[in-house]
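Coordinates in review
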Amino acid sequence: MLTRRLLQLLPMLFFISLVAFLLVKLAPGDPVQAYITPRMAPEDIERIRQSLGLDKPLVTQYFLWLKNLFQGDLGYSLIYHRPVLEMIVERMPATLGLMGASLLLAIVLAVPLGLLAGAFKHRWLDHVLNLFAYIGISVPIFWFGILLITVFAVQLNWLPSMGMRTIGVEDNWLDVVRHGVLPCIALTFYNLSTYVRYVRSNTISQLSADYVQTQLAYGATYRTILFRHVMKNVLLPVITLFGLSFGEMVVGAYVTESVFSWPGMGLLGIQAISSLDYPLIMAIILLSSLMLIVGNLLADLLYRFADPRIRTQR
């Protein structure tokens, strides 16, 4: 199963790269404009275009890019004048750290909150948690991020509003944590609302199952059944939801980074798009797509590991 899924990666990534390349090239604008000065001669402009490889046909440009990709070369940034791979390696840990922390926090909070909402269905606690979930689903993440900055950074001055480190403070992990609190809260709130609703729905269905009534008949307490038996069965659908929502999580992380100037892949991608940095845009699209595919593959593997019945069927 794993080998087959890995072999499916190549044609999928090829198709994604082809569509992304065409869309990027057909977008309005010209990256050569960043190099042009008011008194530059047309011959000099053409030489710049040739040096960047933008004078060749689109098909030739794509296959040259693809050839370099298979050699481990993601190209050279047209704007930053640095190897794209070097820039990606610098920014990737910030994005993965933000996504990992928010995902872990969302799951840790969503499971008990969803269990309680399902156990107290149609009571005041369920209504409060439902209201919280509806707000989280309805509020755009960029608006919620701006609200966090306004309250906790501007008015209360408790936490920094942007960046990952304080200028002049190096190798201080507490400073990084302080800068990451607000982005992590914004991204966690974005994911938590969906997870709470999903866990609540599955909890309600599990509580109506026959094994719950059997456990109650044998004298087990409601709390023991909820957190020892029901929770195990609820965690399996959460793994499925993780795979289905991984794409939204990547997009949410990129939007969060742009709001808080978090130096990750999202902020770099927005800067690349605004400056039409073709090699950098292609690298970010390709790696983002790879993250989505790997995330779904990881969810499938976790589901097979968590549910022995799936392994025996295969």
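Residues numbered from 1 in each chain as written. Predicted model: local features only at pLDDT ≥ 70, side-chain atom pairs only at ≥ 80, totals over all residues. Heavy atoms only, no water.

Rules: UniProt positions are given in the numbering used here, feature names are shortened, and annotations may be inferred rather than shown by experiment.
Naming follows an unreviewed UniProt entry, where the protein chain appears as ABC transporter permease of Scandinavium hiltneri. Taken from UniProt, the Sequence similarities (unreviewed entry) comment for the protein chain reads in full: "Belongs to the binding-protein-dependent transport system permease family. OppBC subfamily."

Let's talk about the pattern of salt bridges
Should the charged atoms of two oppositely charged side chains come close, the side chains can pair. Quick reminder of the rule: Basic side-chain nitrogens of Lys or Arg form a salt bridge, by our definition, when they fall within 4 Å of a carboxyl oxygen of Asp or Glu. The rule is simple: take the accessible area with a 1.4 Å probe, protein chains only, and divide by the maximum for that residue type; under 20% is buried, over 50% is exposed, in between is partly exposed.
One pass over the full model with this rule turns up three salt bridges. A salt bridge links Arg82 to Glu86, with the shortest nitrogen-to-oxygen separation between them at 2.7 Å. Since its relative accessible area comes to 39%, Glu86 is described here as partly exposed. One network of salt bridges, with partners in common, ties together Arg82, Glu86 and Glu90.

A look at the packing of aromatic side chains
For clarity, the cut-off: Here a pair means two rings of Phe, Tyr or Trp (six-membered ring of Trp) with centres within 6.5 Å. Their orientation is stacked below 30 degrees between planes, edge-to-face above 60, and tilted elsewhere. Here a strand is any run of E in DSSP of at least two residues, a helix any run of H or I of at least four, and the numbering for each starts at the N terminus.
According to the stated counting rule, one finds seven aromatic pairs in the structure shown. For the ring pair Tyr62 and Phe63, a centre distance of 5.4 Å and an interplane angle of 75° mean the geometry is edge-to-face. Overall, Phe63 belongs to the partly exposed group, its relative accessible area being 47%. Between Phe132 and Phe189 the ring centres are 5.2 Å apart and the planes differ by 70°, which places this aromatic pair in the edge-to-face class. With Phe132 in helix 6 (residues 124-138) and Phe189 in helix 8 (residues 173-207), this residue pair connects regions lying 57 residues apart in the sequence. You can call Phe189 buried: its relative accessible area is 13%. Through pairs of rings, three or more aromatic residues link up here, namely Phe14, Phe21, Tyr62, Phe63 and Trp65.

Some words on unusual backbone geometry
Unusually for a residue other than glycine, His81 sits at a positive phi of about 55°. Of note, Ser261 is a non-glycine position whose phi angle comes to about 50°, a positive value. Following the sequence through the fold, Ser261 ends up in the loop between helix 10 (222-260) and helix 11 (265-274). Since its relative accessible area comes to 28%, Ser261 is described here as partly exposed.

Some thoughts on the packing of helix 2 (residues 9-26) against helix 4 (residues 58-70)
How two helices sit against one another is set out by the angle between their axes and by the gap between those axes. The criterion, for reference: Note on definitions: angles span 0 to 180 degrees between N-to-C directions of axes, and those axes are lines fitted to C-alpha atoms, for helices only across the stretch in contact. Each angle is binned into one of four classes, with values under 35 degrees roughly parallel, values over 145 roughly antiparallel, values of 65 to 115 roughly perpendicular, and all other values oblique. By convention, the crossing between two helices is left-handed when the near helix turns anticlockwise from the far helix through less than a right angle, and right-handed when the turn is clockwise. What makes two residues a contact is simply this: any of their non-hydrogen atoms within 4.5 Å.
Closest axis-to-axis distance for the helix 2/helix 4 pair is 11 Å, and the angle between their directions is 135°. Regarding the angle of helix 2 to helix 4, the classification is oblique. Along this stretch, helix 2 crosses helix 4, giving a crossing that reads as right-handed. Taking contact as the criterion, the partners of Phe14, Ser17, Leu18, Phe21 and Lys25 in helix 2 are, on helix 4, Leu58, Gln61, Tyr62, Trp65 and Leu66.

Observations regarding the side chain of Ser17
So the rule is basically this: In protein, a polar contact requires one atom able to donate a hydrogen and another able to accept it; more generally it is a pair of N or O atoms within 3.5 Å, and residues adjacent in sequence count only if both atoms are side-chain atoms.
Within the element layout of this structure, Ser17 appears in helix 2. A distance of 2.7 Å separates a polar atom in the side chain of Ser17 from the backbone oxygen of Phe14. Apart from the residues within four sequence positions on either side, Ser17 is in contact with Tyr62, Trp65, Met282 and Leu286.

Remarks on the nonpolar core
The criterion, for reference: Here, the term nonpolar core denotes a set of buried Ala, Val, Leu, Ile, Met, Phe, Trp, Tyr and Cys residues that are joined through side-chain atoms within 4.5 Å.
Membership of the largest hydrophobic core comes to 53 residues, with the highest contact counts inside it found for Ile88, Met99, Phe242, Phe246, Leu280, Ile284 and Met291. Among the secondary structure elements, those contributing two or more residues to this core are helix 2, helix 3 (42-51), helix 4, helix 5 (84-119), helix 8, helix 10, helix 11 and helix 12 (278-306). Ignoring anything within four residues of it in the chain, the contact list for Met99 reads Leu187, Phe246, Met249, Val250, Ala253 and Met291. Residues Val111, Ala119, Ile225 and Val230 belong to the second largest nonpolar core, which totals 11 residues.

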